[in-house]
Each structure stands twice: as structure tokens, then as C-alpha cells.
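What follows is the residue order along each chain.
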Amino acid sequence: MLMVMAFFFGRGRGATRDRAKTRRTKQFLESEMAGCDGHRCRELLCEIGYALPANRVVFLLRELVTFLCPAFLLRKDAAFEATALVHHLQSLVMADMVGDEWGMALPLFAYNLARRLPARESLRQKSLLAAAMRMRWMSRFLLRGVGMAWLKHPLGQRALSQHHVRAGEHLFVSAPIRDDPVASVSRSFRLHALETAATALHPGSELRCDSEGLLSLVASSDPTDERSLWWAAVLRLALQLRSGQPASESLLRQVQALPASLRHDPLCRALLLASRVRAVVSSTDALLLCNRAAELVALCNSNDDAMKSLQLIALDWILSARTKLCATPVQPNEEDLNAFEGDLHLWRRLQVEQARTKLQLHETSLRLLRGACPTRTKWMLERSLSLKDPDAATLKMLAADRAKELVGGKTRLEELLRQAAAVFEKSGHRLLADQCVERARSIVIAS
């Protein structure tokens, strides 16, 4: 047993505590080891006192045994020397410079080395994540004790293997931090999570993922990334509105607090203006905000699925606001109707097949406002009224005002108005709910 331990944990395992050797090691790390690959790094480690096994299999097995049996960590290394080595090995992994066979054990060696340092929990965690990034075949085993909920999500495992693929600038996340495994992987996770949630939340789609839970993980992965926090607030607001719930005041405040780094982007400004329409009392000011938001959406030219979905969300908010503002006994002017038609044109230009059902609902609203051909309007109206969508309530109210003959008898008309009132009450539109109830009562009295 002693011979086996001597073989695995023999002489030269720890760095010397001699101060002169530590100074020489510092100079060596800053000069010779800068920019070297995994194989050369192993050779240099042997030169500065970390005698590593010559056989790659023995090297890997030794580090795995040390990982599994922390009791074998018998000695402490010089704090600066070991910390500098750990940081350097992490940077090698981040730069994908440990592609040879020795690179399988070097990240794990860095973690085992970091565990010998007192009060360096964050460094140990980064080293373990760097090892998992290189040894993806056992990443779940290595990370079983890491207290990062987002890392256990399937998208967290995907980010672990693709953290370097999209390391450049992106609208969803802030700039990456160099040589930081945790920051790199969490940034990749936030990017994948926001894209997944945005694509799943486009108007008319069925929710096939836990968007709320995913957005909570986005916020917890890095509370300092203002970009991802803002986008998570926008998508939470979209989730609330599509479910018919009243918009949360705290979410609206978060959306209104647009980060300075996003103020140049037309899509971000369009979503900001579209969300602001709900707080505007004057119908004239609200229509002006809708027009400005639509102009900003027209400036977006991204073909990415997530960006298309966000453009549809902005257009959906704009068209919903236009329909509510026009759902009055007074006939809207031609300019407002042309602006409505322009928004629908922008929607069609995106060519998202899954959003066609919601597009038809908005087209039906415009046909009712224009008084278009009743035959096709009736067919579209019957299909749209059956949708389980909050905007279908506005359509029912609009149909009760402008197309009573297309809806059916008075009983059917009263039923639609009471259904619309229930939806408006749930979503916080008390004025519209009272209007629907009053019209339903007038129908009962007249009959």
C-alpha cells in the first residue's frame, strides 16, 4: 500500500516552499509558460518541481484518485505559486489549447492543486468547471456537488460543451470575461436559455418548455449581467400577457429601465415603447407610441429565429394596443387603419408559419374595423373567436359593436360579451370589462 501511494503521490508532488524557488517560478510562469500548449505545459511543470508521471494513463488515474479521495491531499503548496499555476491551466482550457492527450488530466490536476489552497473556494470551483469543460464525458460526475442550479439544466450541459462557439459580442448577454470558466459557461447558458425562451414565446405558439423556470435560472446564473436581466424581464412580461394575467408593476419598471448598452438597438427600443403603451392614458399619445415602435421594428433586419420571435412579440403588443384603442363606437380614421395595415405587413414579412393563427386574429380585427366583405370576415371570425388568447376578448367586443349579424343571435352575443368581460377582469382591464358587462345587460334588457 505504501509503495502504491509513493508511486502516485511521490516526491516532487508539491512545489518547494523555498522563497528563492518561488521567485524563480514566478518569473518562469510569466515568461516560459505564456502561450504554451498542454503537452509543453506538462514538461514545464516537471521543470519547476511538479514531477508528473510519464505515462498519460497513470497521470489521469492519479488525478482521478486524488479527486475521489481528498484525504490524500497531505501537504499545502506555496499560495502564490499554486494559484498562478491554476490560473494558467484554466486559461489553457479556455483557449482550447489542451487538445492533446495530456490535456485530459491537466484541468483535473489544476483542481486537485487548488483544493490544497486554504480559503480559495471560488478558485476551486472555477478549476472544477474547467476540468469538466475538457472532460465532458464525465462532466456530470465532476459537477455533482457544484451548487449551480443552472449548470444541471440540459442547456447548462450544452453550454459546457459549446462555451467557446459564440464567445463574441451578442445582444442578449454582456461581453465575455477572459480566462474565467464560470463566467464563460454561465454566459453561454444565458445566451442559449434566452434564445430558447424567446423562440418558445412567439405569439400563437404553444409553450413546450418551462419558460418561467428557465428565465429564473438566467437571473440566478449572473445577477450582474444587466443585458440578460433586461431580456429576462421582457420575456417574463410577454409570458404574463399571453397568459391573460395583469402585467406586474415590478416587471414593467424593469423593462422601462433599458440598459445604456442596449439603447442603440431598434428592437430593444421598440419593445420598450410597446410596453409603455399600457401606461399612457391619452389615446392620441398611445397611437403615436405605437407608430414609433412599429417604425423601429421595421429597422430590424435579423433572420435569427429568436430575433424574429421578439419582433413578433413587439408587433403583437402594438396591434393589441391598436385594437383596444379602436374598439369604440367611434369609427377610427383612415390614417390609423393604414398604420394597422402596415403593422400586419411587417408581421407577414417575417414569414413565421407558427404565428399565422395570431396573425389571422389581428387581420380579422382590421376587417371588422374597415367593414370588409362579410362572407370572408365571418369565416375568419368564427376561427378566431375559438382561440384561447387574451386578444380574442377584444375581438369579441369588437364583433359585438360592428358585426352583430355575423355573430349570431342575442344569446350568442351576450355570451361572447360576458366571456370577454371575464378575460378583461383577469388581465386588469377594468374599464373594458365594465363596458362588456354593460353591453351584455343592455342586450338582456332589449330582449
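Look a little higher up for the structure.
Every value quoted in this text rests on a predicted model; they were computed, and no experiment measured them.

Asker: Can you explain the pattern of salt bridges? Please cite residues and give values.
Answerer: Applying the stated rule across the entire model yields twelve salt bridges. One salt bridge in this structure joins Glu295 and Arg292, with 3.2 Å as the shortest N-O distance. Here the residue Glu295 and the residue Arg292 both occupy positions in helix α15 (residues 283-298), the gap between them amounting to three residues, near one helical turn. Judged by its relative accessible area of 45%, Glu295 is partly exposed. Notably, a salt bridge pairs Glu334 with Arg370, separated by 2.9 Å at the nearest N-O pair. Of this pair, Glu334 sits in helix α17 (residues 334-350) while Arg370 is found in helix α18 (residues 356-370), placing the two residues 36 residues apart along the sequence. Relative accessible area serves as the criterion here: at 36%, Arg370 is assigned to the partly exposed category. Linked through salt bridges whose partners overlap, the residues forming this network are Asp316, Lys324, Lys358 and Asp391.

Asker: Give me α18: which residues, what numbers.
Answerer: Helix length check: α18 (15 residues) gives 21 Å between terminal C-alpha atoms against 21 Å at 1.5 Å per residue, within 8%. A large share of α18 lies buried, amounting to twelve of its 15 residues. Those residues of α18 not exposed but buried are Lys358, Leu359, Gln360, Leu361, His362, Glu363, Thr364, Ser365, Leu366, Arg367, Leu368 and Leu369. The secondary structure elements touched by the buried residues of α18 are α16 (305-326), α17, α19 (374-385) and α20 (390-402).

Asker: Residues and numbers for the side chain of Asp265, please.
Answerer: When you line up the elements, Asp265 lands in the loop between α13 (249-256) and α14 (266-276). For the buried residue Asp265, which engages in no salt bridge, the nearest side chain bearing the opposite charge is Arg269, 8.2 Å off. At 3.1 Å, the side chain of Asp265 and the backbone nitrogen of Cys268 are in polar contact.

Conventions used here
- Residues numbered from 1 in each chain as written.
- Predicted model: local features only at pLDDT ≥ 70, side-chain atom pairs only at ≥ 80, totals over all residues.
- Heavy atoms only, no water.
- Salt bridge = Lys/Arg side-chain N within 4 Å of Asp/Glu carboxyl O.
- Helix = DSSP H or I, 4+ residues; strand = E, 2+ residues; numbered from the N terminus.
- Buried < 20%, exposed > 50% of the residue type's maximum accessible area, 1.4 Å probe, protein only.
- Expected span 1.5 Å × (residues − 1).
- Contact = heavy atoms within 4.5 Å.
- Lys, Arg positive; Asp, Glu negative; His and termini not counted.
- Polar contact = N/O pair within 3.5 Å; in protein donor to acceptor, adjacent residues only side chain to side chain.

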